[in-house]
Amino acid sequence: MAARKEGSGAAGGGFGAAKGKGKAAAAGDAAVKQVQIDGLVVLKIIKHYQEEGQGNEVVQGVLLGLVVDDRLEITNCFPFPQHTEDDADFDEVQYQMEMMRSLRHVNIDHLHVGWYQSTYYGSFVTRALLDSQFSYQHAIEESVVLIYDPIKTAQGSLSLKAYRLTPKLMEVCKEKDFSPEALKKANIAYENMFEEVPIVIKNSYLINVMLWELEKKSAVADRHELLSLASSNHLGKSLQLLMDRVDEMSQDIVKYNTYLRNVSKQQQQKHQYQQRRQQENIQRQSRGEAPLPEEDINKLFKPPQPPARMESLLIAGGILDQIVITIVLH
């Protein structure tokens, strides 16, 4: 369901953002070099996951704000409601438009500047996310996707990162050609598919004072808790996700090996066909008959389609990310 929501959410987000593109980008046409997030937005994202995110359930929502020079300011957000495939009457596009219309009526920033998504043990790089971000970024160039990791946050360090698709990958997605030749020509690898944008969290002075007071009143945690083995549960789940990724890669390798066998088999069939034609022409010449006309062998033997390379890149990158997370948890 998460993948389905990503795709449908991107469609709604793309069209919603297109209406605000001119207003949002009017302040500056430079590329986004920094993302400034209000503390209230961070709390809303965390609250959204705590209320609706259970286990590996992914929560998503819309980011609102504006662009100032080369800085993207995210000042508000609202969640995508959880619904099942049985809710056929639910229209996400209409829901987003009504939410932004209501915010505009109360004079709150309502321009669409991206979306956010939670992640389960760092596993978020999927084809659905790539397609969703492309839809957003194609509609409004400055849009980003915020990835919130609740597992790392629960361990005492807020994990919130902003990503954008690189210009190279945007061009490939526009062409919709993910063949190995196209990715090789564009020099696309997992390392240059996404670019991370630095994040700055901004609070008002009153909120900073309140946080300072709460920090003074909060009890100091027992330092011996650092030696606890409570992270073993997280480690086990991370290893399970790593094994799932390896299984996906194994299936992808099987598909590629099948493709290579089909190519080799077709080459043998072409060779046998050419030999038969050559022998038949020799017999016709011995009888004084004209040789058979030349035929386009590629039309007779249609080459098998190679498996898409994009999925392999995403799976391989996910394995690397999962290994890093497993080492950190260990």
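The protein is annotated in an unreviewed UniProt entry as Eukaryotic translation initiation factor 3 subunit H of Anser brachyrhynchus. The UniProt entry for the protein carries the following comment under Sequence similarities (unreviewed entry): "Belongs to the eIF-3 subunit H family." Taken verbatim from the UniProt record of the protein, the Subunit (unreviewed entry) comment is "Component of the eukaryotic translation initiation factor 3 (eIF-3) complex, which is composed of 13 subunits: EIF3A, EIF3B, EIF3C, EIF3D, EIF3E, EIF3F, EIF3G, EIF3H, EIF3I, EIF3J, EIF3K, EIF3L and EIF3M."

K.L.:
Got a minute to help me understand the overall build of the protein in this structure?
P.N.:
The helix and strand inventory of the protein stands at 11 helices and eight strands. Going through the 330 residues of the protein one by one, you find that 40% of them count as buried. In the protein, of all internal contacts separated by at least 6 residues, the share reaching a separation of at least 24 is 77%. Of the roughly 19700 Å² of accessible surface on the protein, 55% is carried by carbon and sulfur atoms.

K.L.:
When you look at unusual backbone geometry in this model, what are you seeing that I'm missing?
P.N.:
What you tend to see is this: most non-glycine residues have negative phi, and most peptide bonds are trans. Although it is not a glycine, Asp69 sits at a positive phi angle of roughly 55 degrees. Note on placement: Asp69 falls in the loop between strand E2 (60-68) and strand E3 (71-79). Overall, the relative accessible area of 47% leaves Asp69 in the partly exposed class. One non-glycine residue, Lys176, adopts positive backbone phi at about 60 degrees. Mapped onto the secondary structure, Lys176 falls in the loop between helix H6 (167-175) and helix H7 (180-185).

K.L.:
Just checking my understanding: could you explain the pairing of strand E6 (residues 160-165) for this structure?
P.N.:
Along a regular strand, successive side chains alternate from one face of the sheet to the other. For E6, the tally of buried residues reaches five of six residues, placing the bulk of the element in the interior. Summarising the sheet, strand E5 (residues 144-148) and E6 pair through four bridges and their orientation is antiparallel. Along E6, the bridge assignment pairs Tyr148 with Leu160. Here E6 runs beside strand E7 (residues 194-197); their pairing, made up of four bridges, is antiparallel. Within E7, the position partnered with Arg164 by the bridge is Glu195.

K.L.:
So what exactly am I meant to see when it comes to the environment of Met243 here?
P.N.:
Note that Met243 resides in helix H9 (residues 232-286). Residues Met243 and Gln322, 79 residues apart in the sequence, show an inter-C-alpha distance of 9.5 Å.

Thresholds applied
Residues numbered from 1 in each chain as written. Predicted model: local features only at pLDDT ≥ 70, side-chain atom pairs only at ≥ 80, totals over all residues. Heavy atoms only, no water. UniProt positions renumbered as here; feature names shortened; annotations may be inferred. Helix = DSSP H or I, 4+ residues; strand = E, 2+ residues; numbered from the N terminus. Buried < 20%, exposed > 50% of the residue type's maximum accessible area, 1.4 Å probe, protein only. Contact = heavy atoms within 4.5 Å. Areas by Shrake-Rupley, 256 points an atom, 1.4 Å probe, with all protein chains shown as cover. Pairing = 2+ DSSP bridges.

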